[in-house]
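# Residue-level structural notes
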Amino acid sequence: MKESQICLGCWEHMHMPTVIRGPFSFLFKSFGIKRSQMHPNLCTYCESNFAKIMKHKQIPVSTTILFADIRGYTDLSQQIEGAKVNELLNSFYDRCSAAIWEEDGIVNKFIGDAVLAIFNFPLIRKDHVQNAVSAAVQLQKNCQHLKEEIGLSDIHTLGVGIGIHTGECYMGEVGTTYKDFTAIGPVVNLTSRLQGAAGVGEIMVTEEVFNEVKEQFPDAQKKTLTLKGINNPVTGYVLT
Ligand SMILES: [Zn+2]
């Protein structure tokens, strides 16, 4: 990923050159504006202000949501020592972030052994569905040898499952005492459930996502899924 001197979010939305790297970044730092942890080419001003504006207006944003998690993590974390668990999570987070940032998505949250990424906000990309799928393919590649690389033996099962869905979400801050900027709505819930249905090494997507990328995945497997908390069966595709 190419590191930008100015915040791409501020530039794309407001044509404001917020300096986040290099000699002049100290000026912005003195006002409390620094690089965002969600994406190295965004700033903390974007994070908080976009969230406030979006919450106020309650405008749905077309986004693609990606959830990924480590399969076998709960069992594994009970079998290996704490330091090793930390090493595993750190390696996983780094690999996820690299793949997501490369495609202009933001790493919105790490929740234990899972990651939530958002595409098309605040960096607006017309191919955000494609971007999310490319990030997922790269993420699986990055994590393929994770187990060997952190020195775990063959007796341990370890792999990553990914779910992707696209649609309209509300972006904003939730919570009053602890404010948390995130995407809200049925699209997020469905993506989370879909991810739960993906096996080790799999990328499970909805029909809406599949329709945008089907030429690249002629061997995708169609599945009818019954997902917890979702009333009707959902058509999912495993991208292979
Ligand atoms: Zn910014």
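Quick notes on the rules
Residues numbered from 1 in each chain as written. Predicted model: local features only at pLDDT ≥ 70, side-chain atom pairs only at ≥ 80, totals over all residues. Heavy atoms only, no water. Salt bridge = Lys/Arg side-chain N within 4 Å of Asp/Glu carboxyl O. Buried < 20%, exposed > 50% of the residue type's maximum accessible area, 1.4 Å probe, protein only. Domains from an automatic or database assignment. Contact = heavy atoms within 4.5 Å. Buried area = accessible area lost by both parts, 1.4 Å probe. Helix = DSSP H or I, 4+ residues; strand = E, 2+ residues; numbered from the N terminus. Polar contact = N/O pair within 3.5 Å; in protein donor to acceptor, adjacent residues only side chain to side chain. Phe/Tyr/Trp six-rings, centres within 6.5 Å; stacked < 30°, edge-to-face > 60°.

As a further point, take the pattern of salt bridges. Enumeration over the complete set of coordinates arrives at seven salt bridges. Salt-bridge contacts for Asp-69 lead to Arg-71; the nearest nitrogen and oxygen are separated by 2.8 Å. One exposure class covers both Asp-69 and Arg-71, and it is buried. Among the ionic contacts, a cluster of salt bridges with common partners joins Glu-12, Asp-104 and Arg-125.

Here the focus is the domain arrangement of the protein chain. Taken domain by domain, the protein chain comprises domain 1 (8–57) and domain 2 (60–238). In this structure, domain 1 and domain 2 have C-alpha centres spaced 25 Å apart. On the domain 2 side, the residues contacting the 15 residues of domain 1 number 16 residues. Between domain 1 and domain 2 lies a buried interface of about 1,400 Å² when both sides are counted; carbon and sulfur atoms form 68% of it.

To continue, consider the side chain of Arg-71. Within the secondary structure layout, Arg-71 lies in strand β1 (residues 60–71). Among the polar contacts listed, one links the side chain of Arg-71 to the backbone oxygen of Gln-195, at a separation of 2.7 Å. In this view, Arg-71 contacts Thr-157, Leu-158, Gly-159, Gly-161, Gln-195, Gly-196, Ala-198, Gly-199 and Val-200; residues no more than four positions away in its chain are not counted.

Another point: the packing of aromatic side chains. Tallied over the full model, the rule gives three aromatic pairs. Ring centres of Phe-92 and Tyr-93 lie 6.3 Å apart, and the angle between their planes is 50 degrees; this geometry places the pair in the tilted category. Members of the aromatic cluster, joined through ring pairs, are Phe-92, Tyr-93 and Phe-110.

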